[in-house]
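Inside the fold
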Amino acid sequence: MSNSTEMQSNPIKAGWESPSNIALIKYWGKHGKQLPRNSSVSFTLSTAATRTFVTIKDENTTGKVELDFIFNGKENQAFSTRVEKFLNSICDEYFTFLKKYSIHIDTSNSFPHSSGIASSASGMSALALCLCDIENQLNDKTNFDENFYLKASEVSRLGSGSACRSIYPEVAVWGQHEDIPGSSDEYAIGIRHQIHPVFKSFHDDILIISAGEKSVSSTAGHNLMEGNPFAPVRYQQANQRMKLLITALKQGNISDFGKIAEDEAMTLHALMMCSDPSYILMEEGTLSVIRKIKQFREQTSIPVFFTLDAGPNVHVLYPDEVESQVNAFIQNELKPYCNEGRIIRDKVGTGPEKIS
Ligand code: PMV
């Protein structure tokens, strides 16, 4: 469809909803074009998601990307600039149509923008899926095969590293690892078929301890790993923990899973504290909640664990069978530490969906 008159009367549109993900083994440290220093594994979530529609319309002769960008129903200059830069960086290698037509993007999050929840994983993966979908339509292809998802994952990675894992249902691995055939630094792969059923209905309740902007961005944090004297040993440790966690995920070993997830959260924040300059992203409430979760687990033997991403909010992880007890504990003991009592009740999810 190269005729511009035809394109004006027939814009091409794609819509995808894509979820966020929570890393269990953390990606922290990168090199080259968003390549990870170690492999990582995550749960794909369900509630925290981004819906994006991309439309390509009139012919564009400017020689660069012509973008019109709407976020949550309004113009947003900061996001628009970031997305435009990203599209310009990928168009020559991945999607030449981006420079040939004017691009309209309409995107919105299912969770409040100011909730302190990172939207880059869901946002970049939804955008990448739309771009691959438009490419399919331009090539008269109708199927979403393995290569479609691999490309969407690779393109997501270039937008925001961890976004590449959101492409797959339930559990995804990013980064080459000897125990995971097919794993790659360039894109993530789904490993749901290897996972014990108990993890497929796992809960992740996200306690919003602070909704504020982070004082140090993830990009700056990754860069600080380059000068961190503990970095080499950290990458070895991540590799070793991947082995242990993948085994626990396969066997349905919840206590090993929980221990490794918590150790990873503590390591991530310890790495921040021993960067130069050092910094702290946890808040007082983060520490109080962590202590309460450990205490509750010791007293009740109920399998409930925590993890953190690069921020103060706490992800509370637990199997479906203890939902009512854990929910009562969260409401009574942890909610007071949350900003305006905010909690996003999320779960392991089935991955992105095309919006028809
Ligand atoms: O994808 P980025 O650059 O926002 O980095 C994400 C880093 C962590 O969330 C802390 C870990 C991870 O693997 O998702």
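Everything discussed here concerns the structure shown above.
Residues numbered from 1 in each chain as written. Predicted model: local features only at pLDDT ≥ 70, side-chain atom pairs only at ≥ 80, totals over all residues. Heavy atoms only, no water.

Brief notes about the overall build of the chain
Assigned secondary structure in the chain consists of ten helices and 14 strands. Over its C-alpha trace the chain gives a radius of gyration of 21 Å, about what one expects of a compact globule, namely 21 Å for 356 residues. Seen along its three principal axes, the alpha-carbon backbone of the chain occupies a region of about 70 × 45 × 45 Å. Here the chain holds 356 residues, and the buried ones make up 54% of them. (Helix = DSSP H or I, 4+ residues; strand = E, 2+ residues; numbered from the N terminus. Rg over C-alpha atoms; globule rule 2.2 N^0.38 Å. Buried < 20%, exposed > 50% of the residue type's maximum accessible area, 1.4 Å probe, protein only.)

Some words on the environment of leucine 129
Tracing the sequence through the fold places leucine 129 in helix H4 (residues 120-138). Residue classification places leucine 129 among the buried positions, given a relative accessible area of 0%. Taking the C-alpha atoms as reference points, leucine 129 and valine 289, 160 residues apart in sequence, are found 36 Å from one another. Not counting the four nearest positions on each side in its chain, leucine 129 is found in contact with Trp16, Ser18, Phe148, Tyr149, Ala152, Ile167 and Pro352. (Contact = heavy atoms within 4.5 Å.)

Section: the pattern of salt bridges
Pairing of side chains with opposite charge becomes possible as their charged atoms draw close. Applying the stated rule across the entire model yields 19 salt bridges. Between glutamate 186 and arginine 157 there is a salt bridge; the shortest N-O distance is 3.4 Å. Linking glutamate 186 in the loop between strand S8 (171-174) and strand S9 (188-190) with arginine 157 in helix H5 (residues 146-159), this pair joins segments that are 29 residues apart in sequence. By relative accessible area, glutamate 186 is classed as partly exposed at 35%. Sharing partners across several salt bridges, the network here consists of Glu170, Arg192 and Lys200. (Salt bridge = Lys/Arg side-chain N within 4 Å of Asp/Glu carboxyl O.)

Quick notes on helix H9 (residues 284-300)
End to end, H9 covers 24 Å across 17 residues, agreeing with the expected 24 Å (1.5 Å per residue, within 8%). Within H9, burial applies to Gly285, Thr286, Val289, Ile290, Ile293 and Phe296. Here the buried residues of H9 occupy an arc of 140° about the axis, which is enough to place them on one side. Across from the buried face of H9, at angles greater than 90 degrees, the exposed residues are Glu284, Arg291, Glu298 and Gln299. Looking at the buried residues of H9, the elements they touch are strand S10 (203-207), helix H8 (254-273), strand S11 (305-308), strand S12 (314-318) and helix H10 (323-334). One or two steps after H9, the chain reaches serine 301, where phi turns positive at roughly 60°. (Expected span 1.5 Å × (residues − 1). Arc of directions from axis to C-beta.)

A word on the site of the ligand
The local shell around the ligand holds 13 residues, among which Ala23, Tyr27, Ser162, Arg165 and His222 are the closest. Note that an oxygen atom of the ligand is positioned 2.8 Å from one of the side-chain N or O atoms of arginine 165. Here the ligand, which alone exposes 380 Å², has 89% of that area covered by the protein. (Near = heavy atom within 4 Å. Polar contact = N/O pair within 3.5 Å; in protein donor to acceptor, adjacent residues only side chain to side chain. Areas by Shrake-Rupley, 256 points an atom, 1.4 Å probe, with all protein chains shown as cover.)

So, the packing of aromatic side chains
For the structure shown, the criterion picks out 15 aromatic pairs. Plain terms: the ring middles of phenylalanine 148 and tyrosine 149 are 5.1 Å apart, the flat faces sit at 85° to each other, and that makes the pair edge-to-face. Residue phenylalanine 148 is classed as buried on the basis of its relative accessible area of 5%. Given a relative accessible area of 23%, tyrosine 149 falls into the partly exposed group. One aromatic cluster in this structure is built from Trp16, Phe144, Phe148 and Tyr149. (Phe/Tyr/Trp six-rings, centres within 6.5 Å; stacked < 30°, edge-to-face > 60°.)

Some words on the sheet that holds S11
Read from one edge to the other, the open sheet built from four strands follows the order S11-S12-S10-S13, with strand pairing classed as antiparallel. Both outer strands of the open sheet, S11 and strand S13 (343-347), are each paired with one neighbouring strand and no more. Adjacent strand axes in the sheet meet at a mean angle of 25° when their direction is disregarded. Across five bridges, the pairing between S10 and S13 is antiparallel. Residue pairing for S13: aspartate 204 is matched across the bridge by aspartate 346. Here H10 sits on the sheet and contacts S10, S12 and S13; the angle it forms with S12, its principal contact strand, is near 155°. (Pairing = 2+ DSSP bridges. Axes fitted to C-alpha atoms, helices over the stretch in contact; angles between N-to-C directions.)

Topic: unusual backbone geometry
Cis geometry marks the peptide bond from aspartate 276 to proline 277, where omega comes out at 5°. The topology assignment puts proline 277 in the loop between H8 and H9. Phi at serine 301 takes a positive value of approximately 60°, unusual for a residue other than glycine. Along the chain, serine 301 falls in the loop between H9 and S11.

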